[in-house]
Amino acid sequence: MRSSKPRCVSSLFLFFFLCFHLVLHLSEAQIGPPADGYTCSANETTNPCQAYAYYRAMAPNFIDLASIADLFSVSRLMISKPSNISSPTSPLIQDQPLFVPLSCSCKSVNSSTAISFANLSHTIIQGDTFYHLSTQTFQNLTTYQSVELVNPTLVATNLTIGVTAYFPIFCKCPNKTQLQNKVNYLVSYVFQPSDNFSTVASRFGVQTKSIVEVNGNNTQPFDTIFIPVTQLPVLSQPTVSPSPPPGIKTERKGVITGLAVGLGITGFMLILVVGVLVFGGGLVKKRSGTDEEKNLKLYKNEKGDKRAKEMEVSLMADVSDCLDKYRVFGIEELREATNGFGDNCLIEGSVYKGNIKGEVYAIKKMKWNACEELKILQKVNHGNLVKLEGFCIDPEDANCYLVYEYVENGSLYSWLHENQNEKLSWKTRVHIASDVANGLQYIHEHTRPRVVHKDIKSSNILLDSNMRAKIANFGLAKSGCNAITMHIVGTQGYIAPEYLTDGVVSTKMDVFSFGVVLLELLSGKEAIDEAGNALWASAGTILQGSEEEKLNKLKQWMDKELFLESCSMESIVNVVTVAVACLHKDPSKRPTMVDIVYALCKSDDLFFDISDDGSSAPPVRAR
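Residues numbered from 1 in each chain as written. Predicted model: local features only at pLDDT ≥ 70, side-chain atom pairs only at ≥ 80, totals over all residues. Heavy atoms only, no water.

**Student:** Any chance you could explain the overall build of the chain here in plain terms?
**Tutor:** Within the chain, the regular secondary structure consists of 20 helices and 20 strands. Sorting the 623 residues of the chain into buried and exposed places 44% on the buried side. Nonlocal contacts in the chain, meaning residues at least 24 apart in sequence, comprise 68% of its contacts between residues at least 6 apart. Of the roughly 33,900 Å² that the chain leaves accessible, carbon and sulfur atoms contribute 55%. (Helix = DSSP H or I, 4+ residues; strand = E, 2+ residues; numbered from the N terminus. Buried < 20%, exposed > 50% of the residue type's maximum accessible area, 1.4 Å probe, protein only. Contact = heavy atoms within 4.5 Å. Areas by Shrake-Rupley, 256 points an atom, 1.4 Å probe, with all protein chains shown as cover.)

Below, the structure is given as structure tokens:
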């Protein structure tokens, strides 16, 4: 008994020593990526950049391109094209490989940390947890710790159904050295238990050494690694056939027999036709060839009709979710309504006025890029947004037509800058500002995910018969915000500085554009003058100086037409104050649309008589 005790102590000591040594070794090895994400510095890489994630189709929820595209907030075509899939409507099979595009950038998540990721929004449904979404839905392309980091206001153990959470999908941008070595993309790839660097390198057509240089050699299963590629490899995609109908196996023998008989008869008829053609060869030569031309033309038409039908099916699939909500117009119906899209029906750009069964509509003609606009418009319904009534697809020329309610009095731009006969009163201008603010508040606060219009300007604000404002043209709108894009779109003079320089898409860019519209309402001047100077550039100086200096500057800014009526200077100062706040260069210091609506409502000019038909006091004044 005495001799066994030292051996026991010795064994325990050895056990703890080995455990300590193992823990120390693992600590020093730093196996796996940081749980919070990959830290970065915006100066080290191109920022932002185009990246891709390697994603696998997964039953039951992500076994088609539509659901995967919605998950990553991209279109089906943006996945099918780089993934070597012939059609965006093609069915998928379990574990089918896909390349999903990401807009990657280095972003600060707190005062001391910046990580590299693509920011995706996701609306929480019943049963969702950060862990399940990270490991299953996004297939370990992020971690739940990183999700918690970018959602500091959400409690991971008590997620509210319907709330929007943001998921940082791990990605990286090439650094200068990699760009010099012609590395155009870094593909985010989740390392599988059966993988090794050699097999992964072979799959992507790169050298094993290049993967190790980017990721180190301590990669573990389910770590996200980055594959440096000059161009995306061509994915070998399976041929997916429709499921056979029930009973196909039992009927197979009969089908084969029938097919053999059919082929025999067809062969006999073919020999007979050839004989007739040879016998009547002289007669055929004497003909003018018109029959042959007709047959060729008929063949081409049949081929064209088939292609058009395939295109129509594809286009209709993209808007299948909208079919039950909107009226689907026929192309001939629209042609008749617009005199063949004649110039006499043209309103502006590619928008036509059309009369269909006594109802007047605005018909917007566009190449097929309306799917995203339709998706957004089906989520919104507000009196200060132009209502979409229906759409039409013309498969022959791949055009899509959006049919809107007709707004009688045209655009705010035309009233402010083109109409020389009548001018808007100050009360009407303030009411228009309030209408636009209410419309923006709705899409910013009451849609999930939030919608960013991205092109607020006076020409996209329409006035109805009662001079009430409606926001139009959601062609550039983005569902979801706090994203980064490299594709800058919009109208000069209205674009927020952070979007122009860094591609930051957020609701605050709409706030900035709204501030420019307020300046237009106040001054009667265009957003960009003939010399190319932006109206907003010097707006911050209006409220500087003494009260007398402020008043003098304000009078210089004001539309001279407003001096011809008795305007409340208190109301004008209030609107200018809101405009200047909207135009702050730091987007975090701009007010929200909720704040703006409240501030504008304090204006005395909003409290005037409303008649029974909903129209305001006389909105215009003849010159």
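**Student:** Help me understand helix α7 (residues 197-204) in this model?
**Tutor:** An α-helical turn contains 3.6 residues, so a residue and the one three or four places further along point in the same direction. When α7 is considered as a whole, its buried residues turn out to be Phe-197, Val-200, Ala-201 and Phe-204. Projected down its long axis, α7 carries its buried residues within an arc of 100 degrees, all on one side. Among the residues of α7, the N-terminal cap falls to Asn-196, whose side-chain oxygen and the backbone nitrogen of Ser-198 are separated by 3.0 Å. Taken from the residues just after α7, Gly-205 is the one with a positive phi, measuring 70 degrees. (Arc of directions from axis to C-beta. Polar contact = N/O pair within 3.5 Å; in protein donor to acceptor, adjacent residues only side chain to side chain.)

**Student:** How do you make sense of unusual backbone geometry when you look at a structure like this?
**Tutor:** Leaving glycine out, the prevailing phi sign among residues is negative, and the prevailing peptide bond configuration is trans. Cis geometry marks the peptide bond from Ala-59 to Pro-60, where omega comes out at 5 degrees. For Pro-60, the position within the fold is in the loop between β1 (49-56) and α2 (65-71). For the peptide bond that leads from Arg-448 to Pro-449, omega is -5 degrees, which places it in the cis range. Assignment of secondary structure puts Pro-449 in the loop between α15 (426-445) and β14 (451-452). Phi angles above zero are rare outside glycine, and Gln-139 is one such case at about 55 degrees. Tracing the backbone shows Gln-139 in the loop between α4 (130-137) and α5 (144-150). Take Gln-139: its relative accessible area is 14%, and that puts it in the buried class.

**Student:** What is the right way to read a negative patch on the surface from this model?
**Tutor:** Together, Glu-348, Glu-418, Glu-526, Asp-529 and Glu-530 line one region of the surface with negative charge. By secondary structure assignment, the location of Glu-526 is in the loop between α17 (507-523) and α18 (547-557). (Patch = residues over 30% accessible without salt bridge, like charges linked within 9 Å, V, L, I, M, F, W, Y side chains within 5 Å. Salt bridge = Lys/Arg side-chain N within 4 Å of Asp/Glu carboxyl O. Lys, Arg positive; Asp, Glu negative; His and termini not counted. Charge placed at Lys NZ, Arg CZ, Asp CG, Glu CD.)

**Student:** Would you explain the packing of aromatic side chains in this entry?
**Tutor:** Each aromatic ring pair is specified by the distance between its two centres and by the angle formed by the two planes. A complete count under the given rule lists 18 aromatic pairs for this structure. The interplanar angle of 70 degrees and the centroid separation of 5.8 Å between the aromatic rings of Phe-329 and Tyr-361 together place this pair among those described as edge-to-face. Here Tyr-361 lies in strand β10 (residues 359-367) and Phe-329 lies in the loop between β7 (327-328) and α12 (331-337), a separation of 32 residues in the sequence. Here Phe-329 falls in the buried class, since its relative accessible area comes to 4%. One aromatic cluster in this structure is built from Tyr-55, Phe-72, Phe-130, Phe-138 and Phe-167. One cation-aromatic arrangement involves Lys-107 over Phe-117; the distance from NZ or CZ to the ring centre is 4.3 Å. Sitting over the face of the ring of Phe-341, Lys-365 holds its NZ or CZ atom 5.7 Å from the ring centroid. (Phe/Tyr/Trp six-rings, centres within 6.5 Å; stacked < 30°, edge-to-face > 60°. Lys NZ or Arg CZ within 6 Å of the ring centre and 35° of its normal.)

**Student:** Sorry, what's going on with the environment of Phe-72 here?
**Tutor:** Relative to the helices and strands, Phe-72 is located in the loop between α2 and α3 (76-80). With relative accessibility at 2%, the residue Phe-72 sits in the buried group. Measuring from C-alpha to C-alpha, the distance between Phe-72 and Ile-169 comes to 9.6 Å, with 97 residues separating the pair along the chain. Among all residues touching Phe-72, those that are not within four sequence positions of it are Tyr-55, Val-100, Leu-102, Leu-120, Phe-138 and Leu-141.

**Student:** For this particular structure, what's the right way to read empty space enclosed by the protein?
**Tutor:** A water-sized probe rolled over the atoms picks out the places where empty space is left. Overall, the coordinates contain one cavity of 30 Å³ or more when judged by the stated rule. Surrounding the largest cavity, Lys-454, Asp-455, Ile-456, Val-489, Gly-490, Thr-491, Tyr-494, Ile-495, Tyr-499, Met-509 and Ser-513 form its lining. (1 Å grid on protein atoms, 1.4 Å probe; cavity = no way out; pocket = protein on both sides within 12 Å on 5 of 7 lines; lining within 4 Å. Points joined across faces, edges and corners; volume = space filled by probe spheres on them.)

**Student:** Please explain helix α20 (residues 593-601) as it appears in this structure.
**Tutor:** Those residues of α20 lying buried are Met-593, Ile-596, Val-597, Ala-599 and Leu-600. All buried residues of α20 fall inside an arc of 165 degrees around its axis, so they share one side. Of the surrounding secondary structure, the elements contacted by the buried residues of α20 are α15, α17 and α19 (569-582).

**Student:** Sorry, what's going on with the side chain of His-417 here?
**Tutor:** Here His-417 is to be found in helix α14 (residues 412-417). A distance of 3.3 Å separates a polar side-chain atom of His-417 from the backbone oxygen of Gly-524. Look past the residues within four positions of His-417 in its chain and what remains in contact with it is Ser-458, Glu-520, Gly-524, Lys-525 and Glu-526.

**Student:** Looking at this model, I keep getting lost on the side chain of Asp-394. Mind explaining?
**Tutor:** Looking at where Asp-394 falls in the secondary structure, it is placed in strand β11 (residues 388-394). At 3.2 Å, the side chain of Asp-394 forms a polar contact with the side chain of Arg-335. Setting aside anything within four residues of it in sequence, one finds Asp-394 in contact with Ile-331, Arg-335, Asn-399 and Tyr-401.

**Student:** What am I meant to see in the state of the cysteines here?
**Tutor:** By definition, a disulfide links the sulfur atoms of two cysteines through a covalent bond. Counted by the stated rule, this structure contains three disulfides. Here Cys-49 connects covalently by a disulfide to Cys-173, the sulfurs 2.2 Å from one another. Torsion about the S-S bond of the Cys-49 and Cys-173 cystine: about -90 degrees, corresponding to left-handed handedness. Residue Cys-49 is found in strand β1, and its partner Cys-173 is found in the loop between β4 (164-170) and α6 (176-180); the two are separated by 124 residues along the sequence. Just as Cys-49 is buried, Cys-173 falls in that class too. Disulfide partner of Cys-104: Cys-171, at an S-S distance of 2.1 Å. For the disulfide bridge between Cys-104 and Cys-171, the dihedral angle about the S-S bond is near 95 degrees, and by the sign convention the bridge is right-handed. Taken together, the residues Cys-104 in strand β2 (residues 97-108) and Cys-171 in the loop between β4 and α6 connect sequence positions 67 residues apart. For Cys-104, a relative accessible area of 0% corresponds to the buried category. In the chain, numbering the disulfide-bonded cysteines from first to last in sequence yields the connectivity 1-4, 2-6, 3-5. (Disulfide = S-S within 2.5 Å.)

**Student:** What exactly am I supposed to notice about the sheet that holds strand β3 (residues 114-123) here?
**Tutor:** Pairing is mixed in the open sheet, where six strands are placed in the order β4-β3-β2-β1-β5-β6. Looking at the sheet topology across the chains shown, the edges are occupied by β4 and β6 (224-229). With strand direction ignored, the average angle separating the axes of adjacent strands in the sheet is 40 degrees. As defined by bridge partners, β2 adjoins β3 across four bridges and the pair is classed as antiparallel. (Pairing = 2+ DSSP bridges. Axes fitted to C-alpha atoms, helices over the stretch in contact; angles between N-to-C directions.)

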